[in-house]
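Each chain, letter by letter, is given below.
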Amino acid sequence: MKLKKYILIATGALCIAAYTFCLPRKLFSTPVSSVLLSSDGLLMGARAAADGQWRFPPSESIPDKFAQAIICYEDKRFRHHPGVDAVAVARALKSNFSAGKVKSGASTITMQVIRLSRPDKPRSIGEKILEAIMATRLELRCSKDEILRFYADNAPFGGNVVGIQAAAWRYWGRSADELSWAEAATLAVLPNSPALIHPGRGREKLLEKRDFLLGKLYRAGKIDSLEYSLSMEEPLPDKPLALPDMAHHYLESARNSSPDRMIRSSLDYRRQAAAERILDKFTDTYSGNKVYNMAAVILDVKSGEPIVYCGNVGAGSRKNGCDVDVTVARRSSGSTLKPLLYAGMLDRGMILPGMLVADTPFHLKDFSPSNYSHSFDGAVTAESVIQRSLNVPSVRMLQEYGTAGFIDLLGKCGFTTIDRGEDTYGLSLILGGAEITLLELATCYRNMACCLRGETNGFPIGKGAVWCTFEALKGVTRPEEEGSWQNFSSSRDVAWKTGTSYGNRDAWSVGVTRDYVVAVWVGNCNGEGRPALTGVGYAAPVMFELFGLLDWTPWFDKPYDDLHELEVCSDSGHPCSAICPAEQRTTVWVPRTDALPPVCPYHRTVHLSEDGRYQVDSGCYDATRIRNEVWFVLPPSWQWYFRKKHPDYRELPPFHPDYSGERSASAIQIIYPQAGMSIVTPLDLDGKSRGVVFSAAHVNPGTTLFWHLDSDYLGSTSNEHKISAVPAPGEHRLIVTDSNGNSAAVAFTSK
């Protein structure tokens, strides 16, 4: 008896255990679609699941209309039975016995959920009994609403469409929450006959089923007579619709990193749609110049997240490289890094905004940069270097700052792609010699904005330097780049910078306000350059139109604690020296740093004859008649170009014929070649040398200069000091002198 008792207990325990664990921990393990939602929950795009089905990730709730329709059609006692409807079972048994065959079933919605979770099981009596047992267990585990969601998310709705959300978008192009009663009723009857949804496959039968359900809903008091009559007039959907495909490359990137999920993004639906229209419009225009690709991002400064992400135009197309997500592609930086060099030098106290920087020919080994206009100003303010995007002064500034130090600074600013040493990049780094990504460029400018907002302590450049940089970039004009920059008007302050890579392959524009960063790239993904493709001509117009989508925001607060007032010379931009004239002294706000540039080196006291015609000393002129005057004197190589742009520049008077005193050691400057340079003598088509043009400058341009190459006399020049020679291969020394004994010399190598 005891053994029998133990057997019964063990059998009961096994039955209880089998019942308890008859359901798997996860009921459905099928793959789901990658679905992209905007910040306000709107569908922006989706991709089919790994098994080719349109099956959206599980929903958080089920639309009320569909819930009422499916319960009314499939299982009217769903809210009350324990998973098995005894009344329906009795009715089905009686009906089938009378007919002598299976005429009707008694599956509840809960039982259908179990069947959907076991798609490969046979349709047998034994399986039916097992489904009923598992259904009662599911009722103990889940609420009625959860069971309804299981059904709605996994029921078949025709073809490769699974689940109510996918069906609503595929057949009506909107969310299931927005469906009408007629549309909800159509979906409620579909899982029993999913093939009816396809045109030409019993559409009349589908309409009949839908209308039958609408009648039941009306008689049950779920819809009124007006809703019923209007619903009966609604047509069935046509062939399945394409799902939205906004922010195409954002979705592709997200699903590659983590597929099969609902992606709730920071993207703004309205602005994303408008931005894509703007890019498409400009691409239609630019394609006339065979420029086919474009990318843009808009970052929210506070969060750092994108509110617009356009990885490329022509979403989904492989034509012209439109499948490439350019926002994360490495492209030549052009001039976009110049403001960071400017800010870095301000932060170190190496320059001030109005300080003069040399803009004269520069040669270093085989590197000879030129400005966009192929002209020189002699000297320009540091501020205008980034405003006008001048190349040659930028190279000089980088040489002073140090390439290695600048690479380190860029890394701290967030550029991960500038990952090679200074020997690789050299001074061309500042002109586009490195590769960056659009997203990292935008993020860097966002970090600068956060620095000014006081929301980050990790930015490697101080607030004062960032403030001065943004103030300079607010006043950007681009006479150095052809384009209609004057037409870029805006009711808001925007600090912006453009860039164009070598060969017109990449056009950049990035702008920042207190709350937003907009960055744009235009070009061809295959690297083909196109005439007139510049940042100011192609990327800037797109950027400013994108700014038009954004709310106006005030400008940054002035960071007084990180700035201080400094008296500077308005002629040189340096801190004033003791002799800078009072009328040339002005006070400006500059970054608060531990160092400052030297005092003005260009104002100096000169001794003149009484009539001001000559420079004199007491050895050649009556000391009582010598007139002392403060004169603004630039280096000779600067003067030659500077006076062409500044006709008010006063050249020093010549020395008195009898002057025998000490003269300026820098009266002559050799511009080309520079010391230690290796030069290559160009050849004509017939193989004969065309010679090399040497150039120099004198503090008094009209002075005659005498040229020697080693021991050979080359000739003399006046005013424009250029002379041609054919140096033999090897080492040489060029000597230039004037009639007053001033001289300059450089050693170089000819190849």
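On a predicted model such as this, the values are computed, not experimentally measured, just so you know.

A.B. asks: Explain the overall build of the protein to me, please; I cannot follow it from the model alone.
C.D. replies: Scanning the protein from terminus to terminus reveals 21 helices and 26 strands. In terms of overall size, the protein is more extended than a compact globule, its C-alpha atoms giving a radius of gyration of 39 Å where 751 residues would be expected to give roughly 27 Å. Dimensions of the protein, computed from the C-alpha atoms along their principal axes, are close to 140 × 65 × 65 Å. Out of the 751 residues in the protein, the part that is buried amounts to 52%. The contacts in the protein between residues at least 6 apart in sequence include a share of 65% that link residues at least 24 apart. Surface accessibility of the protein: about 34500 Å² in total, with carbon and sulfur atoms responsible for 51%. Here the protein contributes 82 positive and 83 negative side-chain charges, whose respective centroids are spaced 13 Å apart.

A.B. asks: Even after reading the chapter, I still don't get the packing of aromatic side chains, so can you show me in this structure?
C.D. replies: The description of an aromatic ring pair rests on the distance of the ring centres and on the angle between the ring planes. In the structure shown here, the tally under the stated rule is 21 aromatic pairs. Centroid distance Tyr171 to Trp172: 6.2 Å. Interplanar angle 85°. Geometry classified as edge-to-face. A single burial state applies to Tyr171 and to Trp172, both of which are buried. Ring centres of Phe655 and Tyr659 lie 4.6 Å apart, and the angle between their planes is 35°; this geometry places the pair in the tilted category. Tyr659 matches Phe655 in its accessibility class, with the two residues each being buried. Here Arg650 stacks its cationic end above the ring of Trp631, 3.8 Å away from the centre of that ring.

A.B. asks: Would you mind showing me how to read the pattern of salt bridges here?
C.D. replies: One pass over the structure, following the stated rule, counts 29 salt bridges. Arg453 is paired through a salt bridge with Asp515; the nearest N and O atoms lie 2.7 Å apart. With Arg453 in helix H18 (residues 438–453) and Asp515 in the loop between strand E13 (506–512) and strand E14 (516–523), this residue pair connects regions lying 62 residues apart in the sequence. If you follow the salt bridges from partner to partner, you end up with Arg47, Asp245, Glu252 and Arg255 in one network.

A.B. asks: Got a minute to help me understand the sheet that holds E14 in this structure?
C.D. replies: Backbone-to-backbone hydrogen bonds join strands into a sheet, with any given pair of strands oriented parallel or antiparallel. The strand order across the open sheet formed by five strands is E7-E6-E14-E13-E12, and the pairing between neighbours is antiparallel. Pairing within the sheet leaves two strands with one partner each, and these edge strands are strand E7 (306–310) and strand E12 (495–500). For this sheet the average axis-to-axis angle between neighbouring strands, irrespective of direction, equals 10°. Where strand E6 (residues 293–300) lies against E7, four bridges are found, and the strand directions are antiparallel. Each residue of the ladder has a partner; that of Ile298, found in E7, is Val308. Of the strands in this sheet, E12 and E13 touch helix H19 (residues 463–474), which is tilted by about 70° from E12.

A.B. asks: In this structure, what is going on with the layout of surface pockets? I would like to understand it.
C.D. replies: The computed volume of the second largest pocket comes to approximately 680 Å³. What lines the second largest pocket is a set of 36 residues, and nearest its centre among them are Cys569, Ser570, Asp571, Gly573 and Gln584. Mapped onto the lining of the second largest pocket, the elements with two or more residues apiece are strand E10 (378–381), helix H14 (382–387), H19, strand E15 (563–569), strand E16 (585–591) and strand E18 (627–632). When residues in the lining of the second largest pocket are grouped by element, the largest group, four residues, is from E16. Partitioning the lining of the second largest pocket into residue classes produces 19 nonpolar, nine polar and eight charged.

A.B. asks: Explain the environment of Thr417 here, please?
C.D. replies: With respect to the secondary-structure elements, Thr417 resides in the loop between helix H16 (403–412) and helix H17 (422–425). A C-alpha to C-alpha distance of 55 Å links Thr417 and Leu196, two positions 221 residues apart in sequence. Thr417 has contacts with Arg330, Tyr425, Glu435, Ile436, Thr437 and Glu440, leaving out every residue within four places of it along the chain. There is a polar contact of 2.6 Å between the side chain of Thr417 and the backbone oxygen of Glu435.

A.B. asks: Please clarify how the state of the cysteines should be interpreted in this entry.
C.D. replies: In protein structure, a disulfide is the covalent linkage between the sulfur atoms of two cysteines. Evaluated as defined, the whole model comprises zero disulfides. Not part of a disulfide, Cys413 finds its nearest cysteine sulfur in Cys444, a span of 4.5 Å. For Cys444, a relative accessible area of 0% translates into the label buried.

A.B. asks: Explain the pairing of strand E2 (residues 43–47) to me, please; I cannot follow it from the model alone.
C.D. replies: Burial of E2 is extensive: five of the five residues sit out of reach of the surface. Note: strand E1 (residues 34–37) against E2, four bridges, orientation antiparallel. Bridge pairing in E2 links Ser34 to Arg47. Hairpin geometry of E1 and E2 is characterised by an intervening segment of five residues between the two adjacent antiparallel strands and by a positive phi of about 85° at Gly41.

A.B. asks: Even after reading the chapter, I still don't get a nonpolar patch on the surface, so can you show me in this structure?
C.D. replies: A cluster of nonpolar side chains, namely Ile125, Ile129, Leu130 and Ile133, defines an oily patch on the protein surface of about 370 Å² accessible area. Inspection of the secondary structure assignment puts Ile129 in helix H5 (residues 125–141).

A.B. asks: Can you walk me through helix H7 (residues 164–172) in this structure?
C.D. replies: Helical geometry note: an α-helix holds 3.6 residues per turn, so side chains three or four residues apart project in the same direction. Among the nine residues that make up H7, nine are buried, leaving the element largely enclosed by the rest of the structure. What H7 keeps buried is the set Ile164, Gln165, Ala166, Ala167, Ala168, Trp169, Arg170, Tyr171 and Trp172. Tucked inside the fold, the buried residues of H7 contact E2, strand E3 (54–55), helix H2 (64–74), helix H6 (144–154), strand E4 (161–162) and helix H8 (181–189). One or two residues past the end of H7 sits Gly173, with phi positive at roughly 70°.

A.B. asks: Is there a simple way to think about the nonpolar core in this case?
C.D. replies: Across soluble globular proteins, you tend to see nonpolar side chains buried next to one another. Ranked by internal contacts, the top residues of the largest apolar core, which has 89 residues, are Leu340, Phe406, Phe415, Ile418, Leu429 and Phe470. Here the element with the most residues in this core is H18; it accounts for 10 residues. When sequence neighbours within four positions are dropped, the list of residues in contact with Leu340 reads Phe406, Leu409, Leu410, Cys413, Phe415, Cys444, Met448 and Ile461. If you look at the next biggest cluster of nonpolar residues, it comprises 58 residues, including Leu37, Cys142, Ala152 and Val189.

A.B. asks: Would you mind showing me how to read the side chain of Ser577 here?
C.D. replies: Counting through the fold element by element, Ser577 comes out in the loop between E15 and E16. Apart from residues lying up to four places away in sequence, Ser577 is in contact with Arg585, Val599 and Cys600.

A.B. asks: Explain the sheet that holds strand E25 (residues 730–738) to me, please; I cannot follow it from the model alone.
C.D. replies: In space, the five strands of this open sheet follow the order E20-E26-E25-E22-E23, with mixed pairing throughout. Each edge of the sheet is formed by a strand with only one pairing partner; in this case those strands are strand E20 (678–679) and strand E23 (712–717).

A.B. asks: Teacher, can you tell me more about the confidence of the model for the protein here?
C.D. replies: Note: predicted coordinates in regions of low pLDDT should not be interpreted at a detailed level. When the pLDDT values of the protein are averaged, the result is 89; 93% of them are 70 or greater. Under a pLDDT of 50 for its full length, residues 478–487 has, in the predicted model, 29 contacts with residues more than four places off or in other chains.

A.B. asks: Just checking my understanding: could you explain helix H4 (residues 109–117) for this structure?
C.D. replies: Judged by how many residues are buried, H4 sits mostly within the fold: seven of nine residues are covered. Where H4 is concerned, the buried positions are Ile109, Thr110, Met111, Gln112, Val113, Ile114 and Ser117. Residues of H4 that are buried make contact with H2, H5 and H6.

Cut-offs and rules
Residues numbered from 1 in each chain as written. Predicted model: local features only at pLDDT ≥ 70, side-chain atom pairs only at ≥ 80, totals over all residues. Heavy atoms only, no water. Helix = DSSP H or I, 4+ residues; strand = E, 2+ residues; numbered from the N terminus. Rg over C-alpha atoms; globule rule 2.2 N^0.38 Å. Buried < 20%, exposed > 50% of the residue type's maximum accessible area, 1.4 Å probe, protein only. Contact = heavy atoms within 4.5 Å. Areas by Shrake-Rupley, 256 points an atom, 1.4 Å probe, with all protein chains shown as cover. Lys, Arg positive; Asp, Glu negative; His and termini not counted. Charge placed at Lys NZ, Arg CZ, Asp CG, Glu CD. Phe/Tyr/Trp six-rings, centres within 6.5 Å; stacked < 30°, edge-to-face > 60°. Lys NZ or Arg CZ within 6 Å of the ring centre and 35° of its normal. Salt bridge = Lys/Arg side-chain N within 4 Å of Asp/Glu carboxyl O. Pairing = 2+ DSSP bridges. Axes fitted to C-alpha atoms, helices over the stretch in contact; angles between N-to-C directions. 1 Å grid on protein atoms, 1.4 Å probe; cavity = no way out; pocket = protein on both sides within 12 Å on 5 of 7 lines; lining within 4 Å. Points joined across faces, edges and corners; volume = space filled by probe spheres on them. Nonpolar A, V, L, I, M, F, W, Y, C, P; charged D, E, K, R; others polar. Polar contact = N/O pair within 3.5 Å; in protein donor to acceptor, adjacent residues only side chain to side chain. Disulfide = S-S within 2.5 Å. Patch = residues over 30% accessible without salt bridge, like charges linked within 9 Å, V, L, I, M, F, W, Y side chains within 5 Å. Core = buried A, V, L, I, M, F, W, Y, C linked by side-chain atoms within 4.5 Å. pLDDT = per-residue confidence, 0-100.

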